[in-house]
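Now for the letters of each chain:
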Amino acid sequence: MSEKITTLTDATFDEHVASSDVPVLVDFWAEWCGPCKQIAPALEEIAEEQAGKLTIAKLNIDENLDVTRRYEVMSIPTLLLFKDGQPVQRLIGAKPKGALVQEISQHLS
Amino acid sequence: MATSCKVLIIGSGPAGLTAAVYAARAQLSPIVIEGEPSSTSDQPGGQLMLTTEVENFPGFPDGIMGPELMANFRAQAARFGAELLTDKVTRIELGSRPFRAWVGDPAAEPTYEADALIIATGATALMLGVPGEDRLLGYGVSTCATCDGFFFRGKEIAMVGGGDSALEEAMFLTRFADKVTVLHRRDSLRASKIMQERAFANDKIEFRWNSLVTEVIGDSKVEAIKVADSVTGASSRLEVSGLFVAIGHKPATDLFVGQLDLLDNGYLAVHEGSKTSVEGVFACGDVQDHVYRQAITAAGSGCMAAIDAERWLEIQGE
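Note that the coordinates shown come from a computational prediction; the quantities given were computed from them, not determined experimentally.

Rules behind the numbers
- Residues numbered from 1 in each chain as written.
- Chains lettered and ligands numbered in written order.
- Predicted model: local features only at pLDDT ≥ 70, side-chain atom pairs only at ≥ 80, totals over all residues.
- Helix = DSSP H or I, 4+ residues; strand = E, 2+ residues; numbered from the N terminus.
- Contact = placed C-beta atoms within 7 Å.
- Nonpolar A, V, L, I, M, F, W, Y, C, P; charged D, E, K, R; others polar.
- Pairing = 2+ DSSP bridges.

Caption draft 1: Up close: the overall build of chain B. A tally of helices and strands in chain B yields six helices and 19 strands. With the C-alpha coordinates aligned to their principal axes, the bounding extent of chain B is approximately 65 × 45 × 30 Å.

Here it is as structure tokens:
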């Protein structure tokens, strides 16, 4: 996994998204989710290409139920974009890289 | 400049990857455009990527997980030199040879030129097309039991469909849900006998026959569905927090409409094995199979398409 992607847990989630200077795209995923694995390479590339404008973090829903429930994730992959600690956009389901970048671009400066 | 190749394969399910194995072993250096990850259109690896245990693929006496099986197919194709690209074909021109294919901007120069083309684009999942379904997709409406079953622990949910996929997913969902109501539009299932027996024996599964879902109800997530009885016409409300849809597939032929002959039911028409209406274009797997639609038949037809393409190319070279 790219060094630019952070692994979050219930314990580290709040501080990480609140303290980030740039928007954080959180990938809610699980080991048993095929589409989650399929979008993983695209997320790694986005993390590299958008470095400085965006960070990407992963949260394993199996192991981190508190955060998963708090944001009412009911389908994975779900990508939640946080800005100043607040969720500003939700993307549900696998999408190609270009579509992912396009959808979140309005929140990137 | 377009990249030239002898054989271009579109699609990466059992059909496309089997065609790739055979074409690669025949020294045809195939390029496989796998499709791009998407929950609504493409599914690199095909429909098995969304399943759990595959019990009926010969050679695996203990069963094998669908995604693992497809990873094996892919590795086998790569081993013999097939070039695999996670991309989406946006346009195809079959009017003259070499055939031309575009990835990305369809108004740009073609990306590939191919002497022979193997179509293995498969089929995409059908949705119900009822009010509320689109809006609540991802908020209780799901087309992927293996992805989303986890979120329905202790809940009551509904499954729409009557085939093997619907029953397999319903049984998978009983690992999480307290109750799964299977709604089917007819009064008998088209699923195989073994699946029917298992589903009927499952205490958590209840069947509702002659039932059509007419609406998905809920503000921010699924709260209930509206069900019409297709015999009496009576409408009722079923309280569920999830709705899973497995009502079948439609062949992915958009790229070829107007260029290749289709059957009345929308599948690609083939003759003499895998030949389509354009010489040098071959089709395999679910895009041309409206009868069997199994992983093993898709793989078998992929082998046929690769052999047909190889023989056709040999004749062209003479």
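Next comes the rest of the account.
Caption draft 2: Examining the interface of chain A and chain B more closely. With 15 residues of chain A in contact, the opposing surface of chain B contributes 21 residues. Examining the composition of the side of chain A that touches chain B, we find that four residues originate from one element, helix 2 (residues 34–49) of chain A, more than from any other. Tallied by class, residues from the side of chain A that touches chain B come to 10 nonpolar, four polar and one charged.

Caption draft 3: Representation of the environment of Thr52 of chain B in the model. Residues and elements named next belong to chain B. By the element assignment, Thr52 lies in the loop between strand 2 (31–33) and strand 3 (53–54). A sequence separation of 16 residues divides Thr52 from Glu68, and the C-alpha atoms of the two residues are 9.4 Å apart. In contact with Thr52, other than residues within four places in its own chain, are Met65, Gly66, Thr146 and Phe172.

Caption draft 4: Highlighting the sheet that holds strand 10 (residues 141–142) of chain B. Residues and elements named next belong to chain B. Overall, parallel pairing links the five strands, which are arranged 10-17-11-12-13 in an open sheet. Looking at which strands have only one partner, the edges of the open sheet turn out to be strand 10 and strand 13 (205–208). Strand direction decides the pairing type here: strand 10 and strand 17 (residues 242–245), joined by two bridges, are parallel. Counted as the bridge partner of Val141 is Leu243 from strand 17.

That is the geometry; function is a separate question.
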